[in-house]
Amino acid sequence: MKVSALTASLVVLGLSWASPVLAVEGEQSFLPALQVETERLTVHGVWDFNAIRPILLDFQQTAPNVAVVFVDYVSNDLFRESELACREGRPHGDILLSSSVDQLVKLANDGCASPHHSVEAQKVPDWANWREEVYGFAFEPAVFVYDGARVPPEDVPRTHDALADLLRRKPDLYRGRIGTYDIQASGVGYLLAFNDARQAPTVYGRLIESLSRSDTVIRCCNSEVLGEIASGNVRIAYNILGSYAYAASRLNPDIKIVIPRDYTLILSRGALIPAQSANRVLAERFLDYLLSDRGQAVAREKSFFFSEDGPLPPGVDGPAALMESGIGRPIRIGPALLAAQDEVQRQRFIDDWMALIAHPQP
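Residues numbered from 1 in each chain as written. Predicted model: local features only at pLDDT ≥ 70, side-chain atom pairs only at ≥ 80, totals over all residues. Heavy atoms only, no water.

## Describing the overall build of the protein
Helices and strands together make up the secondary structure of the protein, namely 13 helices and 14 strands. Whereas a compact globule of 362 residues would reach a radius of gyration of roughly 21 Å, the protein reaches 20 Å, a difference of no more than 12%. Among the 362 residues that make up the protein, the fraction classed as buried is 59%. Carbon and sulfur atoms make up 51% of the accessible area of the protein, which totals about 14,000 Å². Across the protein, 34 positive and 45 negative side-chain charges occur, with their mean positions spaced 3 Å apart. (Helix = DSSP H or I, 4+ residues; strand = E, 2+ residues; numbered from the N terminus. Rg over C-alpha atoms; globule rule 2.2 N^0.38 Å. Buried < 20%, exposed > 50% of the residue type's maximum accessible area, 1.4 Å probe, protein only. Areas by Shrake-Rupley, 256 points an atom, 1.4 Å probe, with all protein chains shown as cover. Lys, Arg positive; Asp, Glu negative; His and termini not counted. Charge placed at Lys NZ, Arg CZ, Asp CG, Glu CD.)

## Digging into the state of the cysteines
This model, assessed by the stated rule, comprises two disulfides. Sequence-ordered numbering of the bonded cysteines in the protein gives a disulfide pattern of 1-2, 3-4. (Disulfide = S-S within 2.5 Å.)

## As for the packing of helix H2 (residues 49–62) against helix H12 (residues 293–304)
Two numbers describe how H2 lies on H12: the axes approach to 8 Å, and their chain directions differ by 150°. Put simply, H2 runs roughly antiparallel to H12. H2 and H12 meet at a crossing whose hand is right-handed. Two secondary-structure elements touch here, H2 through Ala51, Pro54, Ile55, Asp58, Gln61 and Thr62 and H12 through Arg294, Val298, Ala299, Lys302, Ser303 and Phe304. (Axes fitted to C-alpha atoms, helices over the stretch in contact; angles between N-to-C directions. Parallel < 35°, antiparallel > 145°, perpendicular 65-115°, else oblique. Left-handed = near helix turned anticlockwise from the far one by under 90°. Contact = heavy atoms within 4.5 Å.)

## Things to note about the sheet that holds strand S6 (residues 134–136)
With respect to topology, seven strands assemble into an open sheet ordered S1-S3-S2-S4-S13-S6-S5, the strand pairing being mixed. The open sheet has two edge strands, strand S1 (28–31) and strand S5 (129–130), and neither has a second partner. By the bridge criterion, three bridges tie strand S2 (residues 39–45) to strand S4 (residues 95–98) in an arrangement that is parallel. Looking across to S4, one finds that Gly45 is bridged to Leu97. Docked against the sheet, helix H3 (residues 75–88) engages S2 and S4, running at close to 150° with respect to S4. (Pairing = 2+ DSSP bridges.)

## A look at the environment of Gly315
Along the chain, the position of Gly315 falls in the loop between H12 and strand S14 (328–330). Judged by relative accessible area, Gly315 falls into the exposed class, the value being 75%.

## What about the confidence of the model for the protein?
Summarising the model, the protein shows a mean pLDDT of 88, and 92% of its residues fall at 70 or more. Low confidence marks residues 1–25, where pLDDT is under 50. Its contacts with residues over four positions away, or in another chain, come to 65 contacts. (pLDDT = per-residue confidence, 0-100.)

## Quick look at the packing of aromatic side chains
Here the structure, examined in full by the defined rule, presents 13 aromatic pairs. Put simply, the rings of Trp47, Phe137 and Phe304 touch in pairs and so form one group of aromatic residues. Just above the ring of Tyr190 sits the side chain of Arg346; from NZ or CZ to the centre is 5.1 Å. (Phe/Tyr/Trp six-rings, centres within 6.5 Å; stacked < 30°, edge-to-face > 60°. Lys NZ or Arg CZ within 6 Å of the ring centre and 35° of its normal.)

## Some points on helix H7 (residues 187–199)
When the terminal C-alpha atoms of H7 are compared, their 18 Å separation across 13 residues agrees well with the 18 Å that a helix rising 1.5 Å per residue should span. Of all the 13 residues making up H7, 11 are buried; the element is thus mostly covered by neighbouring parts of the structure. Along H7, the residues that are buried comprise Gly187, Val188, Gly189, Tyr190, Leu191, Leu192, Ala193, Phe194, Asn195, Asp196 and Ala197. One side-chain oxygen at the N-terminal end of H7 lies 3.5 Å from the backbone nitrogen of Val188; it belongs to Ser186. (Expected span 1.5 Å × (residues − 1). Polar contact = N/O pair within 3.5 Å; in protein donor to acceptor, adjacent residues only side chain to side chain.)

Right, here's the structure in full:
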């Protein structure tokens, strides 16, 4: 998370995942080996350290001689630095983890990934595996989040259209009270917005028009938007990753979560082993752990809380089974994501979005 948002974010995430460590982007966190260190795994990730910490600690239970260095990035920075390291032929982390899977696909397409074949990898569904170079290992719905103490039940939106309609009906009440990603600063924010536009272009157009008239609060990260809700500045947030939202709701009962009923984008956080990984064998061992039943259970219970084939976490407003309901729309990890990384198209999309949201209409 950004240092500038530390105070607000502490309200939401400071106690989350039972960890005293609060990492800022670019900060290194170190977990010493449980026994005598013989190997060291360096993980570069777009992930709050407090969220990934239970996973890393459990991995060390299976590999007690491995120490772990985790470096936290914003997605755009991780992509730029990884791309540069690839061009220069030098290592940059043993394994990369990112919610901006389109950026990982771009790296793989440019020859920056090492393929990985294993029994665990064969279990990954087709939509979460591209060329055995980028693997999805988490199930992340993009949800609405609202302040239950300030949003009356009749105002709670349960579809994208309902959110757009609410902002039209009550513009003064919600002006400056709606939050979402700054897609210029956030790779995952851009990916979600880009896929919203493709999933339901007419509905998305109405929603963006409504947001453009609402003085929408835009922030770089999940934690910052959630911090704005916790502090009372924002009442409803759109396109927040479910894991962060649910962790926040467990600490603050006023934070409520809605699964959009018209459609819900599903992101699978991705993993890629760089072609120049200095410790490829250990990286493969960690990737297999992430994909294993044990790793998936720890992730579901302590880090992500949502899963493809399980029920929604308690208290989440949504269908009993997200995928079986037909609402879930997985963002497929594959070549179609390269369109999101086409530089001309990407910049045009961001420029148009920023012109509306960052420079609101009267």
